[in-house]
Amino acid sequence: MSRLIYRAIKVNCTREGNPGQIYVHNICWPVEQILDRWADTGCWWESESEKIFYRLCCNKGKVYEIFQDLNSREWFLYKSYD
């Protein structure tokens with residue numbers, strides 16, 4: 001089961017530019033594995049910016065989907081999986 005969430009988060013990236021740690025509810029979750037990565041153009045006809053999404057397996061088996069808005073460079077938590 002997944003829960004749709006949409007809020008800004010802090011992300012520490014690796015030297016390669018991938019998420020290495022994410023902060024959810026002020027708790028640091030080390031990224032153990034990147035399960036998937038994809039680009040999404042969003043509603044380009046409404047001038048929505050392109051985003052890069054990641055599905056991550058973090059410490060203790062937590063799975064999150066996050067994305068980075070490529071215009072603002074901000075990171076957002078998108079989904080949490082149970």
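For the structure itself, consult the block above.
Reading the values: rules and limits
- Residues numbered from 1 in each chain as written.
- Predicted model: local features only at pLDDT ≥ 70, side-chain atom pairs only at ≥ 80, totals over all residues.
- Heavy atoms only, no water.
- Salt bridge = Lys/Arg side-chain N within 4 Å of Asp/Glu carboxyl O.
- Helix = DSSP H or I, 4+ residues; strand = E, 2+ residues; numbered from the N terminus.
- Buried < 20%, exposed > 50% of the residue type's maximum accessible area, 1.4 Å probe, protein only.
- Pairing = 2+ DSSP bridges.
- Axes fitted to C-alpha atoms, helices over the stretch in contact; angles between N-to-C directions.
- Core = buried A, V, L, I, M, F, W, Y, C linked by side-chain atoms within 4.5 Å.
- Contact = heavy atoms within 4.5 Å.

Peer 1: Help me get a handle on the pattern of salt bridges, residues and values and all.
Peer 2: Where charged atoms from two side chains of opposite charge approach closely, those side chains can pair. Under the counting rule described, the total for this entry stands at three salt bridges. In this structure, Lys51 engages Glu48 in a salt bridge whose closest nitrogen and oxygen atoms are separated by 3.1 Å. The salt bridge involving Arg55 is made with Glu65; its shortest N-O contact spans 2.7 Å. Taken together, the residues Arg55 in strand β4 (residues 51-58) and Glu65 in strand β5 (residues 63-69) connect sequence positions ten residues apart. With a relative accessible area of 25%, Arg55 lands in the partly exposed category. When salt bridges that share partners are traced, they join Asp36, Arg55 and Glu65 into one network.

Peer 1: So what's going on with the pairing of β4? Residues and values would help.
Peer 2: Within β4, seven of the eight residues are buried, which leaves it mostly tucked inside the rest of the structure. Relative to β5, β4 is paired through seven bridges, and the arrangement is antiparallel. Its bridge partner being in β5, Lys51 is matched across the sheet by Asp69. Hairpin connection from β4 to β5: four residues lie between these consecutive antiparallel strands, with Lys60 at a positive phi of about 65 degrees.

Peer 1: Any details on the sheet that holds β4? Residues and values, ideally.
Peer 2: Read once around its circumference, the closed barrel built from six strands follows the order β1-β2-β3-β4-β5-β6, with strand pairing classed as antiparallel. Each adjacent strand pair in this sheet contributes to an overall mean axis angle of 45 degrees, direction not counted. Here eight bridges tie strand β3 (residues 27-40) to β4, and the two strands are oriented antiparallel to one another. Its bridge partner lying in β4, Asp36 is registered against Arg55.

Peer 1: Could you give an account of the nonpolar core, naming the residues involved and the relevant values?
Peer 2: Ranked by internal contacts, the top residues of the largest apolar core, which has 14 residues, are Ile9, Ile22, Leu56, Cys58, Tyr64 and Ile66. Elements supplying a minimum of two residues to this core: β1 (2-13), β2 (19-24), β3, β4, β5 and β6 (75-81). Ranked by residue count, the leading element in this core is β4, at four residues. Ignoring any residue separated from it by four or fewer positions in sequence, one finds Leu56 in contact with Pro19, Ile22, Val31, Gln33, Ile34, Leu35, Lys62, Val63, Tyr64 and Ile66.

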